[in-house]
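Each chain, letter by letter, is given below.
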Amino acid sequence: MAEQLQQLILDTLDTQSTLPDSRALKIPGQSSPASSHDAQITILGALNSLLSREAMNMQMITYETHEVSSHVLTPEGVQIVREGSHEARVWAALPERGSAPLSAQDLKRAVGDEAAKVGQGRAFKSGWIAKEGNGFVKAVSNITDTTQTELRELESSGTLVAGEKALAELRKRKLIIQRKGQWFTVHKGANFSTSIAKPETDLTVDMLTSGSWKKSTFKKYNFDADGIPTSGGALHPILKVREEIRSIFLEMGFEEMPTGTFVESGFWCFDALFVPQLHPARELQDTFYLSDPSTSLPPPSDYYERVARVHEHGGYDSIGYRTPWSHEESHKLLLRTHTTASSAAMLYKLAAKCRGENIDGDLSAKSQPGAANLSDDGFRPAKLFSIDRVFRNETMDATHLAEFHQVEGVVADRNLTLADLIGFMRTFFRKMGMKNLRFKPAYNPYTEPSLEIFAWHPLLEKWVEIGNSGMFRPEMLAPMGFPPDVRVHGWGIGLERPTMIRYGVNNIRTLVGHKTSIENVENSPAVMF
């Protein structure tokens, strides 16, 4: 239809020289003149298309724009055109005078709450209805629905013979809205032609070879036109939630641990944490082991011997596991199953001064408020956290992946208690917006006592497990060299589950992986705990 409309404009100009009013045109396929706003928008597109067909900087047409105001019906106005005004519908629903009156409740049921509310007042004002007893009756036998008549006139012509006062009343009732429109006067251009052959947009090799470019008409480049909008980068929802949690840790005075070692040895991932070598978590169905290389470099020999001894024979008031120690199991390389492996390595460095050593990355060499006066045994308190990826040989479903993120925190100080841990958990999760918490006793190989953390989910209306926590066992801390009165709190939560709750995601595979919607990532709002 676009090319037909362009040809119609050119043919009209060919016979008349000027098209004085574009509203007189009949768009192909329509029987009435193009008087509506939408029809003029269509004509504007055709004019701009013809205007762009320039050859040797000479235009085929020129046109002038004329502004005009018109009115269109709102949805409520369209309903009145179809069904009548509110006051007319109220009048029609009432019985004649002398009959049993219609109650207010029955009137609402007959015409609807909105029509009854608006229509009663206007019908009383017009003298159409009267009140009898507890109900209403018709006060006149016939009415003229002026509102419906005026709206029908507006719908067909865009204006009212009654004038601006009537239009203002309809606008006040929000039955119409004013809309600015336009129409056009079109003239022949200096390069006028009735041909609408499409100009060339590209200079091709074939044109250069054949010489046809010399006779071709090329479309002029519009260097002022806007280019295709570029789309900027966007943070994934997980990264947004990660940054919020990281901000909470830093606000509470924590130091972030380096966690770049995805590959760990069985020693740091399990043995150093006092996880027995026969624990089910170390089996192939739960852990990814490397095949090449398959074994790690040896850990510090004296520390390794202390850990092996407490596992096999006990020590530090523990009887140990009393099972044969396997050097092969301890030296296996694997993808870490938790970031606690990094926490163990950092705690070992923290205890260096306690052992009378200086090692690279010694945390006790760093200053921290309140830790300037170190005790004779070399220990200083520390608050550490990490947020990074871990890997487990999980069966993937709507809530589990083989790769996910773990948020972990560690607090080391003298004479810490379980009450300190619970109090800290309440403060931490309150900053995340979770104020209603419960703690349940649990079992972990490397913490005792251990607690599972539950929060009340207002949308699901049930308690949801959000994390695990506990106090690291002496069998883990003592071989590192910590003094006997040093206690360490540890806790961990997943990153994916809070993100799914925040963004209303019910399948983790649509949050990460090949099914992730790039559009959803770009449009996801920021999250503030």
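Please read all numbers here as calculations on a predicted model, not as lab measurements.

Right, let's talk about the sheet that holds strand 6 (residues 176-188) for a bit. Here we have 3 strands laid out as an open sheet, ordered 1-6-2, and antiparallel in their pairing. A single partner strand is all that each edge strand has here, and the edge strands are strand 1 (18-19) and strand 2 (61-73). Sheet contacts for helix 1 (residues 2-16): strand 1, strand 2 and strand 6; angle to strand 6, the most-contacted strand, approximately 55°. Strands in contact with helix 8 (residues 164-172) are strand 2 and strand 6; relative to strand 6, the strand with the most contacts, it is inclined by about 125°.

A word on the packing of aromatic side chains. According to the stated counting rule, one finds 24 aromatic pairs in the structure shown. On the numbers, 5.5 Å between centres and 45° between planes, the contact of F267 with Y304 is tilted. A residue pair is termed long-range when its members are at least 10 positions apart, and F267 in helix 11 (residues 266-269) and Y304 in helix 12 (residues 301-312) qualify at 37 residues. Taken individually, F267 and Y304 each receive the classification buried, so the pair is uniform in this respect. The ring of Y289 carries the charged tip of K332 above its face, separated from the ring centre by 5.2 Å.

The next point concerns the layout of surface pockets. For the second largest pocket, the calculated volume is near 450 Å³. Around the second largest pocket, the lining is made up of 21 residues, and of these S35, S36, S70, S157 and G158 lie nearest the centre. Elements with a contribution of two residues or more to the lining of the second largest pocket: helix 2 (37-51), strand 2, helix 7 (146-157) and strand 6. A class-by-class count of the residues in the lining of the second largest pocket yields 4 nonpolar, 13 polar and 4 charged.

According to the stated counting rule, one finds 1 cavity of 30 Å³ or more in the structure shown. In this model, the largest cavity occupies a volume close to 40 Å³.

Time to look at a negative patch on the surface. A cluster of acidic side chains, namely E283, D286, E394 and D397, defines a negative patch on the protein surface. In this fold, E394 is placed in the loop between strand 10 (382-391) and strand 11 (403-414).

Quick look at the pattern of salt bridges now. Applying the stated criterion across every chain yields a total of 22 salt bridges. Across the salt bridge formed by E83 and R89, the nearest N and O atoms sit 3.8 Å from each other. A relative accessible area of 40% means that E83 is categorised as partly exposed. One network of salt bridges, in which partners are shared, links E87, R122, E169 and R173.

This part takes up the sheet that holds strand 5 (residues 135-138). Spatially, 3 strands are ordered 3-5-4 in an open sheet, and the strand pairing comes out antiparallel. The sheet is open, and its two borders are formed by strand 3 (102-103) and strand 4 (129-132), each paired with just one other strand. Across 4 bridges, strand 4 lies against strand 5 in antiparallel orientation. Along strand 5, the bridge assignment pairs I129 with K138. Those strands touched by helix 6 (residues 113-126) are strand 4 and strand 5, and its axis lies near 105° from that of strand 4.

The next subject is the confidence of the model for the chain. When pLDDT is averaged along the chain, the result is 85, and 93% of the positions lie at 70 or above. Long-range and interchain partners of residues 365-375, a stretch whose pLDDT sits below 50, account for 11 contacts in this model, where long-range means more than four residues apart.

Among the nonpolar cores identified, the biggest contains 35 residues, and Y303, L347, F472, M476, M480, F482 and V488 are the most heavily contacted of them. Of all the secondary structure elements, the ones that give two or more residues to this core are helix 11, helix 12, helix 14 (340-350), strand 10, strand 11, helix 16 (474-477) and strand 15 (486-494). Looking at which element gives the most residues to this core, the answer is helix 14, with 6 residues. If near-sequence neighbours (up to four positions away) are discounted, L347 is found in contact with V410, F472, M476, L477, M480, F482 and V488. By size, the runner-up hydrophobic cluster in this structure holds 33 residues, among which are V411, L416, I493 and L495.

Procedures and definitions
- Residues numbered from 1 in each chain as written.
- Predicted model: local features only at pLDDT ≥ 70, side-chain atom pairs only at ≥ 80, totals over all residues.
- Heavy atoms only, no water.
- Pairing = 2+ DSSP bridges.
- Helix = DSSP H or I, 4+ residues; strand = E, 2+ residues; numbered from the N terminus.
- Contact = heavy atoms within 4.5 Å.
- Axes fitted to C-alpha atoms, helices over the stretch in contact; angles between N-to-C directions.
- Phe/Tyr/Trp six-rings, centres within 6.5 Å; stacked < 30°, edge-to-face > 60°.
- Buried < 20%, exposed > 50% of the residue type's maximum accessible area, 1.4 Å probe, protein only.
- Lys NZ or Arg CZ within 6 Å of the ring centre and 35° of its normal.
- 1 Å grid on protein atoms, 1.4 Å probe; cavity = no way out; pocket = protein on both sides within 12 Å on 5 of 7 lines; lining within 4 Å.
- Points joined across faces, edges and corners; volume = space filled by probe spheres on them.
- Nonpolar A, V, L, I, M, F, W, Y, C, P; charged D, E, K, R; others polar.
- Patch = residues over 30% accessible without salt bridge, like charges linked within 9 Å, V, L, I, M, F, W, Y side chains within 5 Å.
- Areas by Shrake-Rupley, 256 points an atom, 1.4 Å probe, with all protein chains shown as cover.
- Salt bridge = Lys/Arg side-chain N within 4 Å of Asp/Glu carboxyl O.
- Lys, Arg positive; Asp, Glu negative; His and termini not counted.
- Charge placed at Lys NZ, Arg CZ, Asp CG, Glu CD.
- pLDDT = per-residue confidence, 0-100.
- Core = buried A, V, L, I, M, F, W, Y, C linked by side-chain atoms within 4.5 Å.

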